[in-house]
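As a plain string of letters, each chain reads:
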Amino acid sequence: MSLENEFPESFIGSVAAFEGVSDGYTVIHGPSGCKLYPSSLMEDCYFRGIPEAPSGRNPLFSGAHYFFGQPRVPCTYLDMGTFITGAPERLKELVGFVEGMRPKLISIINSPGASLVGEDLTAVKSDIPLVLMDHPVYSGTEAEGFQDGVLRILDVVAPDCKGPRKGVNLTGISITHLNWEDTIADLTSLLGVCGIEVNMCIGAGWGTDDIRRSADAELIVPIYPEYGDAIAARYSADYGVPSFVSPDGAPIGFDALETWVKGVCGCLKKDPSPALALIHGKRVAAAGEIRRMEARHSLPKGRTFALECGGSTAYAIARFLYGYLGMIPVGIRCTGGDSWDRMLGDYLDFLGIPVSDEPETVETDIIISSGPVCSAAVERGSALEYAVIERPPVRTVNIDPAPTLGLGGTVSLLESVLEAVSRHHRFR
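No experiment lies behind these values; they were computed from the predicted model shown. (Residues numbered from 1 in each chain as written. Predicted model: local features only at pLDDT ≥ 70, side-chain atom pairs only at ≥ 80, totals over all residues. Heavy atoms only, no water.)

Visitor: Is there a simple way to explain the pattern of salt bridges in this structure?
Guide: It is possible for side chains of opposite charge to pair when their charged atoms get near one another. Tallied over the full model, the rule gives 17 salt bridges. The salt bridge partner of E19 is R72, with a shortest N-O separation of 2.5 Å. You can see E19 sitting in helix α1 (residues 10-19) and its partner R72 sitting in the loop between α3 (59-62) and α4 (80-85), a full 53 residues away along the chain. Assessed through its relative accessible area of 2%, R72 is described here as buried. For the salt bridge of R283 with E258, the shortest nitrogen-to-oxygen distance reads 3.4 Å. Of the two residues, R283 is situated in helix α12 (residues 273-295) and E258 in helix α11 (residues 254-268); the sequence distance between them amounts to 25 residues. The class for R283 is buried, based on a relative accessible area of 19%. Each member of the salt-bridge network shares a partner with another, and the members are D155, R234 and D238. (Salt bridge = Lys/Arg side-chain N within 4 Å of Asp/Glu carboxyl O. Helix = DSSP H or I, 4+ residues; strand = E, 2+ residues; numbered from the N terminus. Buried < 20%, exposed > 50% of the residue type's maximum accessible area, 1.4 Å probe, protein only.)

Visitor: What am I meant to see in the sheet that holds strand β1 (residues 24-29) here?
Guide: Two modes of strand pairing occur in sheets, parallel and antiparallel, and in both the strands are linked by backbone hydrogen bonds. Pairing in this open sheet of three strands is parallel, and the strands run β1-β2-β3 from one edge to the other. Single-partner strands in this sheet number two, and they are β1 and β3 (130-133). Each strand axis lies, on average, 15° off the axis of its neighbour in the sheet, ignoring direction. With four bridges connecting them, strand β2 (residues 105-110) and β3 associate as parallel partners. Directly across from I108, in β3, lies its bridge partner L132. (Pairing = 2+ DSSP bridges. Axes fitted to C-alpha atoms, helices over the stretch in contact; angles between N-to-C directions.)

Visitor: Sorry, what's going on with the environment of D216 here?
Guide: Summarising the element assignment, D216 is placed in the loop between α9 (208-212) and β6 (219-222). Between the C-alpha atom of D216 and that of G167, which follows or precedes it by 49 residues, the distance is 8.4 Å. Contacts of D216, omitting those with residues within four sequence positions, involve C161, K162, G163, P164, R165 and K166. (Contact = heavy atoms within 4.5 Å.)

Visitor: Before we go on, may I ask you to explain the side chain of K35 in this structure?
Guide: Secondary-structure assignment places K35 in the loop between β1 and α2 (36-45). Despite its burial, K35 remains without a salt bridge, the nearest opposite charge being carried by E43 at 8.6 Å. Looking at K35, its side chain comes within polar contact range of the side chain of Q70, at 2.9 Å. Apart from the residues within four sequence positions on either side, K35 is in contact with I28, Y66, F67, Q70, R72, V73, P74 and C75. (Lys, Arg positive; Asp, Glu negative; His and termini not counted. Polar contact = N/O pair within 3.5 Å; in protein donor to acceptor, adjacent residues only side chain to side chain.)

Visitor: Honestly, the nonpolar core in this entry has me stumped. Any pointers?
Guide: Most often, soluble globular proteins keep nonpolar side chains buried together rather than apart. Counting 103 residues, the largest nonpolar core has Y235 and V264 as the members making the most contacts within it. Ignoring any residue separated from it by four or fewer positions in sequence, one finds V264 in contact with V168, L191, I196, L219, V221 and F244. Judged by nonpolar contacts, the second largest core, of 15 residues, contains M101, I106, I128 and L130. (Core = buried A, V, L, I, M, F, W, Y, C linked by side-chain atoms within 4.5 Å.)

Visitor: Explain empty space enclosed by the protein to me, please; I cannot follow it from the model alone.
Guide: Here the idea is plain: a probe the size of a water molecule rolls over the atoms and shows the empty space left. Using the criterion set out here, one finds two cavities of 30 Å³ or more in the structure. Here the largest cavity defines a volume of roughly 60 Å³. Contributing to the lining of the largest cavity are R303, T304, M327, D365, I366, L384, E385, V417, A420, V421 and H424. When contributions to the lining of the largest cavity are tallied by element, the ones reaching two or more residues are β9 (364-370), β10 (383-390) and α16 (406-423). The greatest single-element share of the lining of the largest cavity, amounting to three residues, is contributed by α16. (1 Å grid on protein atoms, 1.4 Å probe; cavity = no way out; pocket = protein on both sides within 12 Å on 5 of 7 lines; lining within 4 Å. Points joined across faces, edges and corners; volume = space filled by probe spheres on them.)

What follows is the structure in structure tokens.
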């Protein structure tokens, strides 16, 4: 049986890039059907106050014209008549309303239908900087749309390059990534013990002041490389800021995380040993748990796993579970990052392991993916257990930090896998 899953495409990625600006505001020029899901998703991913507007779900505010009961990402609700005659006046009126909330940046994106009929965004004028995206690449990946959005922001709000260069800027993570704020905090802490200051994360949670000083860093470091390689290239070409992209993919798994830390520290000539000591401490703790599992005749070696996630994440996790725990991949699909997908394919070919490209239906001990994919696989019976690595999650409440990557993310994934093995003593 083959299942076709839907994944966010570049339109969502671009909206996420615009909504990742803390003091910005995003407008969709298109029908209401193009805004309902993005608006709900962005509010869930990055709940923040709106300048000069009531916070939260105030019905008097979100029930206003163009908002349809949602406080974020209003739209001009193009319909049959306006698709034919155009709707510049609606767009001007909506932008005027948004101006009253006093954001420092307004981003306007055409929906696919508005682009198709040639809606022109340049008719809108404002004293507030405007990012206009007339024709996004709608059929690309979410990562491509995200990077396109960030680059368009940089075209409008250009960095100043005034101060002395110091610290690093993280990039390559979107507000749509699961627990993105916790992941940034985890990696920031890990670099901090090595004496490296993280100035900001380009594209997620930064403000217009951050944008203007974003070229004053010593180094740009993508977290998910497929979400940050083009951004890093822009800073290198236009501002001379070098970057480090880890050859081991996303920083999850002990080896990949050590490679990431050593690479950043090497570029800045810092001593990585304090962070490596923290990672080693978790290795020792994990080894103790595995020894206790051995005493119970319950080990992960030889167990199977399936993966459905971004390419750099899949590459890192597959190497971690196979190399560290001796688990066998039986199904993998990468939802973005073609180069990492190819690298993973070469790695599996070298090992001589045949892997299905339908992880949601192949029989496996554990599946690692988004909440809906994981829960559906377990309900279907194709997987015994699961670990959630991507949005949307299964749990909707996280009070304690729950990073997806970094040292905390590595430990969380390892705990999920080992706990799953402990609950099932026999192989499939």
